[in-house]
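Residues per chain are reported as follows:
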Amino acid sequence: MLNLVLFGPPGAGKGTQSARLIDKYNLIHLSTGDILRGELKAESPLGLEAKKYMDKGELVPDSVVIGMIEIKLDQNSDAKGFIFDGFPRTSAQAKALDELLEKKGTSISAMLSLEVEHDELVNRLLNRGKESGRADDQNTEVIENRIKVYNNETAPLINYYDAQGKYIAVKGMGSIDEIFDNLCSSIDEIA
Ligand code: B4P
């Protein structure tokens, strides 16, 4: 199986690039952000609880997102592999993911980390906010908090995957096509 963690700060292009990678490599896309927004739209109890955190740019509690991923893995037991987009975001989530995959006799193949400059992240998110109406993309304070939370709680996962020999840095500045090519070159070396 090819199991990829697509990693990077908010606005790095994880969702954008995942949409293309799943077609090329025939993988299942698991985005915790998309799943949470789906719950929010359906106004489910989980979605309403998650909204409190998402609107402030804070992380939703680990137990909630780990449970969501477990359900999705079980629903896709015949998959050729997965792209994990926006998950894991904490060390508890990374450990839980390793355990869930081990139970299924598989593991993470690589963690691809998109590297993008701070000002470019803010510009991309504000642009998306204008086009999509996403509440967490419209307010500069919320965006800065998401980047701060990423630096404090999520970026340390680079060390976690590096220790397993799975961390690959990928240049995330440039056009969407150029970044896609960068990602494919890295994947083709390990696939
Ligand atoms: P996510 O949905 O994961 O959102 P994100 O990290 O902000 O976006 P992403 O990185 O996918 O966006 P993309 O670059 O593709 O999370 C939202 C919230 O959900 C979190 O703040 C948190 O509250 C919660 N959450 C999610 N997962 C969680 C977890 N595991 N644990 C706890 N909480 C969790 O796109 C950004 C924009 O840039 C797009 O408009 C795109 O078109 C544009 N773009 C992309 N590439 C570009 C390029 N090369 N050039 C120009 N524009 C580009």
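A brief report on the enclosed structure follows. Everything numeric here is computed off the predicted structure, so don't read it as measured data.

## Concerning the side chain of Lys-14
1) Next: Relative to the helices and strands, Lys-14 is located in helix 1 (residues 14–25).
2) Next: Buried and unpaired, Lys-14 has Asp-85 as its nearest opposite-charge partner, separated by 5.2 Å.
3) Next: Among the polar contacts listed, one links the side chain of Lys-14 to the backbone oxygen of Gly-8, at a separation of 3.0 Å.
4) Next: Residue contacts for Lys-14: discarding those within four places in its chain leaves Leu-6, Phe-7, Gly-8, Pro-9, Asp-85, Gly-86 and Leu-114.

## Focus: the packing of aromatic side chains
The description of two aromatic rings rests on the distance between their centres and on the angle between their planes.
1) Next: For the structure shown, the criterion picks out three aromatic pairs.
2) Next: Judged by centre distance (5.8 Å) and plane angle (50°), the ring pair of Phe-7 and Tyr-150 falls under tilted. Residue Phe-7 is located in strand 1 (residues 2–7), and its partner Tyr-150 is located in helix 7 (residues 140–154); the two are separated by 143 residues in the primary sequence.
3) Next: On the basis of relative accessible area, Phe-7 is assigned to the buried category, the value being 3%.
4) Next: Tyr-150 gets classed as buried once you look at its relative accessible area, which sits at 10%.
5) Next: Positioned above the aromatic ring of Phe-180 is the side chain of Arg-20, whose terminal nitrogen or guanidinium carbon lies 5.4 Å from the ring centre.

## A word on the environment of Ala-19
1) Next: Position of Ala-19 relative to the elements: it lies in helix 1.
2) Next: Put simply, Ala-19 and Ile-83 are 64 residues apart on the chain and 9.6 Å apart in space, counted from C-alpha to C-alpha.

## Here we look at the environment of Glu-120
1) Next: Assignment of secondary structure puts Glu-120 in helix 6 (residues 118–132).
2) Next: For the pair formed by Glu-120 and Gly-11, sequence separation is 109 residues and the distance between their alpha carbons is 8.3 Å.

## Thoughts on the pattern of salt bridges
Two side chains bearing opposite charge may form a pair once their charged atoms approach each other closely.
1) Next: In the structure shown here, the tally under the stated rule is eleven salt bridges.
2) Next: Here Asp-74 makes a salt bridge to Lys-104, at a shortest N to O gap of 2.7 Å. Residue Asp-74 is located in helix 4 (residues 62–75), and its partner Lys-104 is located in the loop between helix 5 (91–103) and strand 4 (110–115); the two are separated by 30 residues in the primary sequence.
3) Next: Residue Arg-146 is joined to Asp-137 by a salt bridge in which the shortest nitrogen-to-oxygen separation is 2.9 Å.
4) Next: On the basis of relative accessibility, which here comes to 0%, the residue Asp-137 falls in the buried class.
5) Next: Look at the salt bridges and you will find they share partners, linking Arg-128, Arg-134, Asp-136, Asp-137 and Arg-146 into a network.

## Let's talk about the site of the ligand
1) Next: In the vicinity of the ligand lie 30 residues, with Gly-13, Thr-32, Arg-37, Glu-58 and Arg-146 positioned nearest.
2) Next: Here an oxygen atom of the ligand sits 3.3 Å away from a polar atom, N or O, in the main chain of Ala-12.
3) Next: Note that an oxygen atom of the ligand is positioned 3.1 Å from one of the side-chain N or O atoms of Arg-128.
4) Next: When the ligand sits alone it has 990 Å² of accessible area, and the protein chains cover 88% of it.
5) Next: Those elements that provide at least two residues to the shell around the ligand are helix 1, helix 2 (32–41), helix 6 and helix 9 (176–190).
6) Next: The element that contributes the greatest number of residues to the shell around the ligand is helix 2, accounting for four residues.
7) Next: Residues belonging to the shell around the ligand are distributed by class as follows: eleven nonpolar, ten polar and nine charged.

Rules and cut-offs
- Residues numbered from 1 in each chain as written.
- Predicted model: local features only at pLDDT ≥ 70, side-chain atom pairs only at ≥ 80, totals over all residues.
- Heavy atoms only, no water.
- Helix = DSSP H or I, 4+ residues; strand = E, 2+ residues; numbered from the N terminus.
- Buried < 20%, exposed > 50% of the residue type's maximum accessible area, 1.4 Å probe, protein only.
- Lys, Arg positive; Asp, Glu negative; His and termini not counted.
- Salt bridge = Lys/Arg side-chain N within 4 Å of Asp/Glu carboxyl O.
- Polar contact = N/O pair within 3.5 Å; in protein donor to acceptor, adjacent residues only side chain to side chain.
- Contact = heavy atoms within 4.5 Å.
- Phe/Tyr/Trp six-rings, centres within 6.5 Å; stacked < 30°, edge-to-face > 60°.
- Lys NZ or Arg CZ within 6 Å of the ring centre and 35° of its normal.
- Near = heavy atom within 4 Å.
- Areas by Shrake-Rupley, 256 points an atom, 1.4 Å probe, with all protein chains shown as cover.
- Nonpolar A, V, L, I, M, F, W, Y, C, P; charged D, E, K, R; others polar.

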